[in-house]
Amino acid sequence: MSEALVAVEAAGADASVPAVSGARQFWRRLRQQRAAVVAAAVVALLVLVALAAPLLTALEGQDPTTYHPSLIDSARGGVPVGSFGGVSADHWLGVEPQTGRDLFARLVYGARVSLGVALAATVVQIAIGVTIGVASAIGNRWVDQLLSRATEVIVAMPLMIMSLALLAIVPSSFPRPVLVSLVIGLIAWGNVAKIVRAQTLTLKGLDYVSAARLSGWGTWRIARRELLPGLAAPVITYAALLVPTNITVEAALSFLGVGVKPPTPSWGQMLTAADVWYQAAPQYLLLPAGALFLTVLALTVLGDGVRTALDPRAASRLRVGTGRKREGKA
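Colleague: So what's going on with the overall build of the protein? Which residues, and what values?
Modeller: A tally of helices and strands in the protein yields 13 helices and four strands. For the protein, the proportion of its 330 residues judged to be buried stands at 45%. Here the contacts in the protein between residues at least 6 apart in sequence split such that 71% fall between residues at least 24 apart.

Colleague: Let's hear about the side chain of R176: which residues, and what values?
Modeller: Position of R176 relative to the elements: it lies in helix α7 (residues 176-187). A distance of 3.1 Å separates a polar side-chain atom of R176 from the backbone oxygen of V258. Engagement of the side chain of R176 in a polar contact is seen with the backbone oxygen of G259, the distance being 3.1 Å. Residue contacts for R176: discarding those within four places in its chain leaves L167, V170, P171, V258, G259, V260 and K261.

Colleague: Give me the pattern of salt bridges: which residues, what numbers.
Modeller: In total, this model carries five salt bridges according to the counting rule given. Taking the shortest distance from any N to any O, the salt bridge between R101 and E96 comes out at 2.9 Å. R101 gets classed as buried once you look at its relative accessible area, which sits at 8%. E96 gets classed as buried once you look at its relative accessible area, which sits at 1%. A salt bridge links R106 to E96; its shortest N-O distance comes to 2.9 Å. Here R106, found in helix α4 (residues 103-138), pairs with E96, found in the loop between β4 (79-80) and α4; they are 10 residues apart in sequence, far enough to count as distant. For the pair R106 and E96, one class covers both residues: buried.

Colleague: Just give me the short version of the nonpolar core, but keep the residues and values in it.
Modeller: A general feature of soluble globular proteins is that nonpolar side chains tend to end up buried together. Membership of the largest hydrophobic core comes to 33 residues, with the highest contact counts inside it found for F26, I247, W267, Y284 and L292. Residue assignment for this core shows that the elements contributing at least two residues are α1 (23-31), α2 (34-51), α4, α10 (219-255), α11 (267-274) and α12 (282-310). If one sorts the elements of this core by residue count, α12 sits on top with 10 residues. Setting aside residues up to four positions removed in sequence, F26 forms contacts with V306, A309 and L310. Membership of the second largest hydrophobic core comes to 19 residues, among which are I126, I138, L227 and A239.

Colleague: So what about the environment of V235? Which residues, and what values?
Modeller: With respect to the element layout, V235 can be found in helix α10. What makes V235 buried here is its relative accessible area of 15%. Taking the C-alpha atoms as reference points, V235 and A193, separated by 42 residues in sequence, lie 10.0 Å from one another. In this structure, V235 is in contact with I126, V130 and V196, ignoring residues within four places of it in sequence.

Colleague: An account of a nonpolar patch on the surface is requested, with residue identities and associated values reported.
Modeller: Where nonpolar side chains cluster on the molecular surface, the patch consists of F174, V178, L182 and L186 and spans about 320 Å² of accessible area. If you trace the backbone, V178 turns up in helix α7.

Colleague: Quick rundown of the packing of aromatic side chains? Include the residues and the values.
Modeller: Considering all chains together, one arrives at two aromatic pairs under this definition. For the ring pair F26 and W27, a centre distance of 5.1 Å and an interplane angle of 65° mean the geometry is edge-to-face. When the centroid spacing of 5.0 Å and the interplanar angle of 55° are considered together, the rings of W92 and F104 count as tilted. Placement of the pair is W92 in the loop between β4 and α4 and F104 in helix α4, with a sequence separation of 12 residues. By relative accessible area, which is 36% here, W92 ends up partly exposed. Above the ring of W142, the side-chain terminus of R141 is found at 4.6 Å from the ring centroid. Note that R221 overlies the ring of W217, its terminal NZ or CZ placed 4.1 Å from the centroid.

Rules used in this analysis
- Residues numbered from 1 in each chain as written.
- Predicted model: local features only at pLDDT ≥ 70, side-chain atom pairs only at ≥ 80, totals over all residues.
- Heavy atoms only, no water.
- Helix = DSSP H or I, 4+ residues; strand = E, 2+ residues; numbered from the N terminus.
- Buried < 20%, exposed > 50% of the residue type's maximum accessible area, 1.4 Å probe, protein only.
- Contact = heavy atoms within 4.5 Å.
- Polar contact = N/O pair within 3.5 Å; in protein donor to acceptor, adjacent residues only side chain to side chain.
- Salt bridge = Lys/Arg side-chain N within 4 Å of Asp/Glu carboxyl O.
- Core = buried A, V, L, I, M, F, W, Y, C linked by side-chain atoms within 4.5 Å.
- Patch = residues over 30% accessible without salt bridge, like charges linked within 9 Å, V, L, I, M, F, W, Y side chains within 5 Å.
- Areas by Shrake-Rupley, 256 points an atom, 1.4 Å probe, with all protein chains shown as cover.
- Phe/Tyr/Trp six-rings, centres within 6.5 Å; stacked < 30°, edge-to-face > 60°.
- Lys NZ or Arg CZ within 6 Å of the ring centre and 35° of its normal.

Okay, structure coming up:
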């Protein structure tokens, strides 16, 4: 397979089309970026915590749904008994106000929901975006016009407003994490399709694709054997940047009351319940907010590292200005 091209569109950044020489060089370039390595370690730890949530809560001896009314001071309006929100050997991070549910158990189970929803939504976005983008680029003029106009309509849709509308009318019996994943994925695939279409049109003009066409290969065989491998780099790059965005969207929907419903724990849903306790029990607000901030930050830095590793000619956003400083010192 010839050179794979990279096209990245993130936060208004210009697309670039360099070559990727192989997996080994990618990992070597990624390892050279200390921030990306640390971010990858943080992401791996968060995923491990989410997967091991039942084991971790079993070690603590708690679960995310059991109420502990004896740990709540009803005379003070439901504030946890004890210091630091009721932190003890039995409750490592304390308990929730009013309910007494274990905060550590809800936090680690919330990681499963938040990360799971974000990853599932990203998979849906990538699957639809790649399909529409490739079909638009390799189809005839009418197909291209139809799919391009449909993509523009999707891009123009306000994600939060459409998500609020759809989530509000779906019956509550439908599994909420699955529903949130589908809604985000089905509404927010437009930018993926635009990137894939633009990159596919670029790949179609390369010599090895022309050679495959002259050899008698069909359109879909060329797409499967020649175009899709060349799209791997930009798709992986954009997917890495979509995950933190989807985590934020899920948290916002849960915060607005149309996302994951209690008693299922979610970081956004925890923030919704904690908005009136930031003075009496600040840890109830700070723990999910801190976990959400750390996750989004780590995924964003990792996505930037992946983009730079796949496109070594593009300067990392994390190093803007460092070249000038080094030249000045020299």
